[in-house]
Amino acid sequence: IYTGLFIVKTVNNLRETKMTGLQTMLETACTTVTYAPMLSVLFVGTRMRAIQLSQGQTEKYGLPQWWVQAAMYYCANAVMAQVLLVVLIPVVTGEAAAKTDEDGNLDMSQMQVGGTMATVISAIRYIVMLGLYGGFATVVYGCFAMEGPEEIWHGQEPPVSPALFSTIILTATFFGVYLLVAITKTTVELAGNSDFLKKLSSVLTLAKFTVNFAPMLAILFIGARIRALQMDP
């Protein structure tokens, strides 16, 4: 998405005929991948836990668990679905461009389409969000529920490393804040705005600025863990 946007912007700067619609669509699509860095670090940490417990033989012992792997795919597909919604909505509804909020979620309040089409789009939107948050929770649970092979550890498997545990805390905080933001926005859409909701939105906006540090901190922790495993496998 970012590569495509860079190319389109470059072409628009060099040509008199501008691809304004395409550039707007790509700029909007870029906001939909907000969750990707945090999810990626969590997936890497989970994979490292599986390698640690299986001593590098993840396929032999089936780690991570099949349902954790399925949750990873579901999260990735949910992020992709967000992008596809943004790209396809102008085509399906005739809107000039899909609108998203600053968190990358589809903003139905800015759409002019109504009736059955609006209902279908809303349903898909919430299914995507449910899959994203449900998949994240499943992966986190899988990290703690993952069991090492008895023939390797004999019941003495190591606990979750501080690096992974810290990454899980950061991920949970990140998704918790963004979930509260999504719930607040949905409440405003369904019940209208109020002074309390305005104040809550302002607080959550400040909280988002704080948790945006989480992906970078988490990858630092995972990098330190990789170095430790390099020194003492």
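Placed above this text is the structure.
Computed from a prediction, not measured in an experiment: that's the story for all the values here. (Residues numbered from 1 in each chain as written. Predicted model: local features only at pLDDT ≥ 70, side-chain atom pairs only at ≥ 80, totals over all residues. Heavy atoms only, no water.)

1. Things to note about the packing of aromatic side chains
Link 1 in the chain: Considering all chains together, one arrives at ten aromatic pairs under this definition.
Link 2 in the chain: With a centroid separation of 5.6 Å and an interplanar angle of 90°, the aromatic rings of Tyr 133 and Phe 175 are classed as edge-to-face. With Tyr 133 in helix H6 (residues 115–145) and Phe 175 in helix H8 (residues 162–191), this pair connects stretches of sequence that are 42 residues apart. The residues Tyr 133 and Phe 175 share a single accessibility class, namely buried.
Link 3 in the chain: Taking 4.4 Å as the distance between ring centres and 5° as the angle between the ring planes, the aromatic pair formed by Phe 136 and Phe 175 counts as stacked. You can see Phe 136 sitting in helix H6 and its partner Phe 175 sitting in helix H8, a full 39 residues away along the chain. Note on accessibility: Phe 136 and Phe 175 belong to one class, buried.
Link 4 in the chain: Members of the aromatic cluster, joined through ring pairs, are Tyr 35, Tyr 133, Phe 136, Phe 174, Phe 175 and Tyr 178. (Phe/Tyr/Trp six-rings, centres within 6.5 Å; stacked < 30°, edge-to-face > 60°. Helix = DSSP H or I, 4+ residues; strand = E, 2+ residues; numbered from the N terminus. Buried < 20%, exposed > 50% of the residue type's maximum accessible area, 1.4 Å probe, protein only.)

2. Some words on helix H1 (residues 2–14)
Link 1 in the chain: Along its 13 residues, H1 runs 18 Å from first to last C-alpha, staying within 8% of the 18 Å computed at 1.5 Å per residue.
Link 2 in the chain: Along H1, the residues classified as buried are Leu 5, Val 8 and Asn 12. End-on, the buried residues of H1 take up no more than an arc of 65°, which puts them together on one face. Across from the buried face of H1, at angles greater than 90 degrees, the exposed residues are Thr 3, Phe 6, Asn 13 and Leu 14. (Expected span 1.5 Å × (residues − 1). Arc of directions from axis to C-beta.)

3. Remarks on the environment of Val 44
Link 1 in the chain: Of note, Val 44 is situated in helix H3 (residues 36–54).
Link 2 in the chain: Spatially, the C-alpha atom of Val 44 lies 9.4 Å from that of Leu 164, the residues being 120 residues apart in sequence.

4. Remarks on empty space enclosed by the protein
Link 1 in the chain: Under the definition given, this model contains one cavity of 30 Å³ or more.
Link 2 in the chain: Empty space within the largest cavity amounts to approximately 70 Å³.
Link 3 in the chain: Along the walls of the largest cavity sit Gly 45, Met 48, Arg 49, Gln 52, Val 160, Ser 161, Leu 164, Ile 222, Arg 225 and Leu 229, which together make up its complete lining.
Link 4 in the chain: A total of four residues in the lining of the largest cavity trace back to one element, the largest contributor, which is H3.
Link 5 in the chain: In the lining of the largest cavity, the residues fall into five nonpolar, three polar and two charged. (1 Å grid on protein atoms, 1.4 Å probe; cavity = no way out; pocket = protein on both sides within 12 Å on 5 of 7 lines; lining within 4 Å. Points joined across faces, edges and corners; volume = space filled by probe spheres on them. Nonpolar A, V, L, I, M, F, W, Y, C, P; charged D, E, K, R; others polar.)

Purely spatial values, then, with no claim about function.
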